[in-house]
Amino acid sequence: MGFTFDDSNFDATPIAEMHQLIEQYPRNQERIFPYIGGEEVNSSPTHAHDRYAINFGEMSQEEAREWSDLMAIVEEKFKSERMKQKDRGGQEKWWQFLRPRSEMNRAIESLDWALVVARHQPQWSVALMPSNIVFSEALVVFALNQYPAFCTIQSRIHELWARFFGSSMKDHLRYTPSDCFETFPFPENWETNHELESIGQEYYEFRAALMIRNDQGLTATYNRFHDPEEDDADILKLRQLHTQMDTAVLAAYGWTDISTTCEFRLDYEDEEPSDTQPTEGKRQRKKPWRYRWPEATHDEVLARLLELNQQRHEAEILGGKQAEKKAKKPKAKGATKKLKGVTMEKQLNLIPPDVEQLDMF
């Protein structure tokens, strides 16, 4: 990867050389950014990065050559590979990322933090990351940094929606924003909901401290969270907070009649030998247990979300027709009316579906 400084990749530039370049010419630091992927977000207790990337944004070649040392690295290690690709735009602007994701940059440039999720993950986990980072294609980035947003997206309500609309392979979820996020009907006035703010912050801060104490990242933490044999007090507390978070999100929809009681259930029946019947020479495979709602609760919440989604869709269509009629005739004074059902793009400061990541090539 010609754009990166990475000690674990033979094709990248060593990080020691990056420090030398900055020491020799401090301005080089202006175009070098932390680079992070799904592995670091999910495995590091602090979501720490260990790679960096040269990023010229949408600069012209003339502008980029003001950082001659960095351009020399990209030209030497990457230009020839880019020229082999069929993308003509990529060939013409070989010093830029193939897809600069300008919309994403504009969406998060005013935010100190942004919510991110790994595109592929066995457990559902959401993190807050500094926005001045180059995010790999393995991450989906949301232009959201509020605890109510974290609370809603991390909740089982959004998780079951994502697992219903996203693709999966056994217990691994593949999260696609166009299918899982843009279609999701957030509760009304979620941005100013104090309960979502309070429990979302409490959950996030407790989880962050727990991961540091245990020196475990999100994947390891949620593996324990879903393990029926796990009885550590902190994990039990995390489960309790998760239930409180689900309760707050359901209340935001007005669905206070739904029970949030969970149980340990298998996501699927494993065809391989069970833990109690190990095959000689093979490592035992853990069963896909998940601490989740019973099927009846799952189906009820999903049904209500689908109905709400349909109601808002119909309201949008009706609103569009009304707007067409008003455009054809003069508007009477005072005859303005706000439409309650709005599109996701109007509800949230959304990153469009094709710009949820930065491609390095």
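Residues numbered from 1 in each chain as written. Predicted model: local features only at pLDDT ≥ 70, side-chain atom pairs only at ≥ 80, totals over all residues. Heavy atoms only, no water.

Novice: Help me out: how do you make sense of the overall build of the protein in this one?
Specialist: Of regular secondary structure, the protein possesses 15 helices and 12 strands. Residues counted as buried form 47% of the 361 residues belonging to the protein. By sequence separation, contacts in the protein at least 24 residues apart represent 69% of the contacts at least 6 residues apart. When the accessible surface of the protein is summed, it comes to about 19,200 Å², and 48% of that surface belongs to carbon and sulfur atoms. (Helix = DSSP H or I, 4+ residues; strand = E, 2+ residues; numbered from the N terminus. Buried < 20%, exposed > 50% of the residue type's maximum accessible area, 1.4 Å probe, protein only. Contact = heavy atoms within 4.5 Å. Areas by Shrake-Rupley, 256 points an atom, 1.4 Å probe, with all protein chains shown as cover.)

Novice: Which parts of the structure should I look at to understand the packing of aromatic side chains?
Specialist: Each aromatic ring pair is characterised by the separation of its centres together with the angle its planes make. Under the criterion given, the structure shown has 17 aromatic pairs. Where tyrosine 253 meets tryptophan 255, the ring centres are 4.4 Å apart and the plane angle is 10°; that geometry is what we call stacked. Members of the aromatic cluster, connected to one another through ring pairs, are Trp124, Phe142, Trp161, Phe164, Phe165, Tyr175, Phe181, Phe184, Phe186 and Trp190. Just above the ring of tryptophan 67 sits the side chain of arginine 31; from NZ or CZ to the centre is 5.8 Å. Between arginine 213 and the ring centre of phenylalanine 206, over which it is positioned, the NZ or CZ distance is 6.0 Å. (Phe/Tyr/Trp six-rings, centres within 6.5 Å; stacked < 30°, edge-to-face > 60°. Lys NZ or Arg CZ within 6 Å of the ring centre and 35° of its normal.)

Novice: Help me out: how do you make sense of unusual backbone geometry in this one?
Specialist: For residues that are not glycine, phi is negative in most cases, and the peptide bond is trans in most cases. We note that histidine 47 has phi near 55°; this positive angle belongs to a residue other than glycine. Summarising the element assignment, histidine 47 is placed in the loop between helix 2 (38-43) and strand 3 (51-54). Its relative accessible area of 10% is what places histidine 47 among the buried residues. Of note in this structure, asparagine 189 is not a glycine but carries a positive phi near 55°. Along the polypeptide, asparagine 189 turns up in the loop between helix 10 (177-180) and helix 11 (194-214).

Novice: When you look at the pattern of salt bridges in this model, what are you seeing that I'm missing?
Specialist: Per the stated rule, a full pass over the model turns up 21 salt bridges. Among the salt bridges present, the one from arginine 65 reaches glutamate 75, with a minimum N-O distance of 3.4 Å. Placement of the pair is arginine 65 in the loop between helix 3 (61-64) and helix 4 (68-77) and glutamate 75 in helix 4, with a sequence separation of 10 residues. Arginine 65 sits in the partly exposed class, given a relative accessible area of 37%. Between arginine 312 and glutamate 188 there is a salt bridge, with the nearest N and O atoms lying 3.5 Å from each other. In this pair, arginine 312 is assigned in helix 14 (residues 295-328) and glutamate 188 in the loop between helix 10 and helix 11, connecting sequence segments 124 residues apart. Sharing partners across several salt bridges, the network here consists of Glu159, Arg163, Glu263, Arg265, Asp267, Arg290, Arg292 and Glu295. (Salt bridge = Lys/Arg side-chain N within 4 Å of Asp/Glu carboxyl O.)

Novice: Would you explain the side chain of threonine 152 in this entry?
Specialist: Checked against the element boundaries, threonine 152 lands in helix 8 (residues 147-154). Once you skip the residues sitting within four places of it in the chain, threonine 152 turns out to touch His158, Phe184, Phe186, Pro187, Leu196 and Val249.

Novice: Explanation requested: helix 12 (residues 218-225) in the structure shown.
Specialist: The periodicity of an α-helix, 3.6 residues per turn, causes residues three or four places apart in sequence to face the same way. Restricting attention to buried positions, one finds in helix 12 the residues Leu218, Thr221, Tyr222, Arg224 and Phe225. Viewed end-on, helix 12 has its buried residues packed into an arc of 155°, placing them on one side of the element. (Arc of directions from axis to C-beta.)

Novice: Quick question: what am I supposed to make of the nonpolar core here?
Specialist: Soluble globular proteins: nonpolar side chains tend toward being buried together. With 68 residues, the main nonpolar core has Leu115, Phe135, Ile157, Tyr175 and Leu305 as its most contacted residues. Looking at this core element by element, the count peaks at nine residues for helix 13 (residues 233-253). Excluding anything up to four places from it in sequence, tyrosine 175 contacts Val117, Arg119, Trp124, Val140, Phe142, His158, Ala162, Cys180 and Phe181. Of all hydrophobic cores here, the second largest spans 23 residues; its members include Ile15, Met18, Ala64 and Leu70. (Core = buried A, V, L, I, M, F, W, Y, C linked by side-chain atoms within 4.5 Å.)

Novice: Teacher, can you tell me more about the sheet that holds strand 6 (residues 127-130) here?
Specialist: Sheet strands line up and pair through hydrogen bonds in the backbone, either parallel or antiparallel. Taken together, the three strands give an open sheet; going across it, the order is 6-4-8, and neighbouring strands pair in antiparallel fashion. Pairing within the sheet leaves two strands with one partner each, and these edge strands are strand 6 and strand 8 (139-142). On average, each strand axis in the sheet is inclined to that of its neighbour by 45°, with strand direction left out of account. Pairing of strand 4 (residues 113-118) with strand 8 involves four bridges; the strand directions are antiparallel. Bridged to valine 117 within strand 8 is valine 140. (Pairing = 2+ DSSP bridges. Axes fitted to C-alpha atoms, helices over the stretch in contact; angles between N-to-C directions.)

Novice: Just to check I follow, could you spell out helix 4 for this structure?
Specialist: Those residues of helix 4 that sit buried are Leu70, Met71, Ile73 and Val74. Axial view of helix 4: buried residues confined to an arc of 155°, hence all on one face.

Novice: What is the right way to read the sheet that holds strand 2 (residues 32-36) from this model?
Specialist: Taken together, the four strands give an open sheet; going across it, the order is 1-3-2-7, and neighbouring strands pair in mixed fashion. Each having just a single partner strand, strand 1 (4-5) and strand 7 (134-135) make up the two edges of the open sheet. Here strand 2 pairs with strand 7 via two bridges, running parallel. Residue pairing in the sheet places tyrosine 35 in a bridge with valine 134 of strand 7. Sitting on the sheet, helix 4 is in contact with strand 1, strand 2 and strand 3, with an inclination near 100° to strand 3.

Novice: Honestly, the pairing of strand 3 in this entry has me stumped. Any pointers?
Specialist: Where strand 1 and strand 3 come together, two bridges link them in antiparallel fashion. From the neighbouring strand, threonine 4 faces strand 3, where its bridge partner is alanine 53. Alignment of strand 2 against strand 3, held across four bridges, turns out to be antiparallel. Each residue of the ladder has a partner; that of proline 34, found in strand 3, is tyrosine 52.

Scope: geometric values only; no functional claims are made or implied.
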